[in-house]
Each structure stands twice: as structure tokens, then as C-alpha cells.
Amino acid sequence: MDVTKLSPLNQDKTEVLVIGEKNEREKLTAHLKTLALNTKHQARNLGVILDSDLNFETHIKNIIKTSFYHLRNIAKVQPFLAQADTERLMHAFITSRLDYCNSLLSGLPKKAISQLQIIQNAAARVLTKTRRRAHITPVLKSLHWLPVSFRIDFKVLLLVYKSLHSHAPEYITDMFSRYTPSRSLMSSGTELLTVPKARTKRHGEAAFSFYAPNLWNTLPEYLRMAETVETFKHALKTYLFDLAYHSL
């Protein structure tokens, strides 16, 4: 983009965020300063805190802080509520935050996602009155809650399915192309996608354009060939649930 052709911006209502490798960011940031545009390391958009490194550290910390605030309040009123009502509060104030725009977190290191898993674990303990030292995985399974990493994959795969069936925005649909083998193979016609090459592991393999088709191709054929969105969602949740708790 030619920054010299940018139209005048309202400095009070505009935040400039430069995303990319550090060296390249510094070059562009210096140039933007000559145009009286001051950049920031992070900016908020639609409730999501984006940062220059796209590691979402600040965004995750904000989710944790807000979720634990609401979790403490729910714990205070829990003695006066039926369990079903308490669970509704958990979904309204905790799960909704874990799920909001969670596809942006695809490809992040396990360490980052594990911080969000702590919130879900705490919510399950409060809801079921489980002791801190008790193993939480059987509790999550009994509640039929998908772990956070699987919830992210669920959202990613749902976006892919909708894209392939013209139910997603064009800018997402354009990221995917169906795999066409050079000669007739058993894999032909099974809704596989072409996986683009990733130049870097940190950002390239974490990019939605790489992570999503790569994940999609791991699905069983019956899922990729599902006829409706509702059929796909139901079958996908069952598949991911079995995958998450297969060892129990």
C-alpha cells in the first residue's frame, strides 16, 4: 500500500497498527511518523485486542481478567440458584467470552491456549463444586464441554464448511481452493483443499489460510461430505468430543 496516498485521517479517532516482522515494522513506522501518523503496538477492534506480533497476549489476558471477575460473582450467587441456572450464567458470561472471535487464535502455541483452558476448568469446578485437586477432564466430559483448543478448531472448521457452501463472506471463501489431483486418484471428489506453502512456522503455519485447510483435510470423509450446516455441526461436535476424551 502506498502510504503517501492515504486520505487525511482524524487523529483522535484513528489508531495505526503495523503488523509484521520487527525489522520491517520499524522501517514502516519511521516512514509513517514523517506523515504525522503515530503507530501503536496494539489496537482494539470489535472487542478484540490486536497486537503487532499477532500473539494476542494482551487479548488473552483481558479475557482471563474479565472472566474471573464474572466467575467470582457467579460463585457468590450460586447458593441461591439451581444448577441449570448457574450453567446458563456460565455460558452467558464465561463461555461466550472464550468463543468470541476464537478462530483468530488458531495456530497459537499451546501455552497461550492453556491460559484460556484454566478459565474453563475454573468454571467447571464452580459449577460442579469440584475440589481444586480433583482431575478436571472427567468433569468437563460429564458437562459435555469441548476443551478450549477443540472449540477453536470447531469454529475454524465451521467457517471452512460454510465457505465451501457459499455461506461465508467472499474474503474468507477466496482463501480456499479445492484440491485437484493431476490424475484420477481415490482422493478425488472428497472435498479436500489445497494447503498453501507456509514460509515461516511462527506466522505462516498459524495463518488462517494455512491452518484452516490443513485442519480440514484431517477430517473423515463423511464430515467433509455433510449435506447441511446443521448435520455438519452436530457430527463435528461429536467427532471432536470423541477426539478430546478418547482416552477416558
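Now for a look at the structure at hand. (Residues numbered from 1 in each chain as written. Predicted model: local features only at pLDDT ≥ 70, side-chain atom pairs only at ≥ 80, totals over all residues. Heavy atoms only, no water.)

### Observations regarding unusual backbone geometry
The phi angle at L46 is positive, at roughly 55 degrees, despite the residue not being glycine. By secondary structure assignment, the location of L46 is in the loop between strand 3 (42-45) and strand 4 (48-51). A positive phi angle, close to 50 degrees, is found at C101, a residue other than glycine. Among the secondary structure elements, C101 is positioned in the loop between helix 3 (83-99) and helix 4 (110-128). (Helix = DSSP H or I, 4+ residues; strand = E, 2+ residues; numbered from the N terminus.)

### Side note on the packing of helix 2 (residues 57-77) against helix 4
Here helix 2 crosses helix 4 at 5 degrees, and the two axes come no closer than 10 Å. Classed by the angle they form, the pair helix 2 and helix 4 counts as roughly parallel. Here I60, I63, I64, S67, F68, L71 and A75 of helix 2 lie close against helix 4, whose contacting residues are A112, Q115, L116, I118, I119, A122, A123 and V126. Residue classes in the contact of helix 2 with helix 4 are distributed as 13 nonpolar, two polar and no charged. (Axes fitted to C-alpha atoms, helices over the stretch in contact; angles between N-to-C directions. Parallel < 35°, antiparallel > 145°, perpendicular 65-115°, else oblique. Contact = heavy atoms within 4.5 Å. Nonpolar A, V, L, I, M, F, W, Y, C, P; charged D, E, K, R; others polar.)

### Details of a nonpolar patch on the surface
Taken together, the side chains of V77, F80 and L81 present a nonpolar region at the surface, about 310 Å² in accessible area. Structurally, the position occupied by L81 is in the loop between helix 2 and helix 3. (Patch = residues over 30% accessible without salt bridge, like charges linked within 9 Å, V, L, I, M, F, W, Y side chains within 5 Å. Areas by Shrake-Rupley, 256 points an atom, 1.4 Å probe, with all protein chains shown as cover. Salt bridge = Lys/Arg side-chain N within 4 Å of Asp/Glu carboxyl O.)

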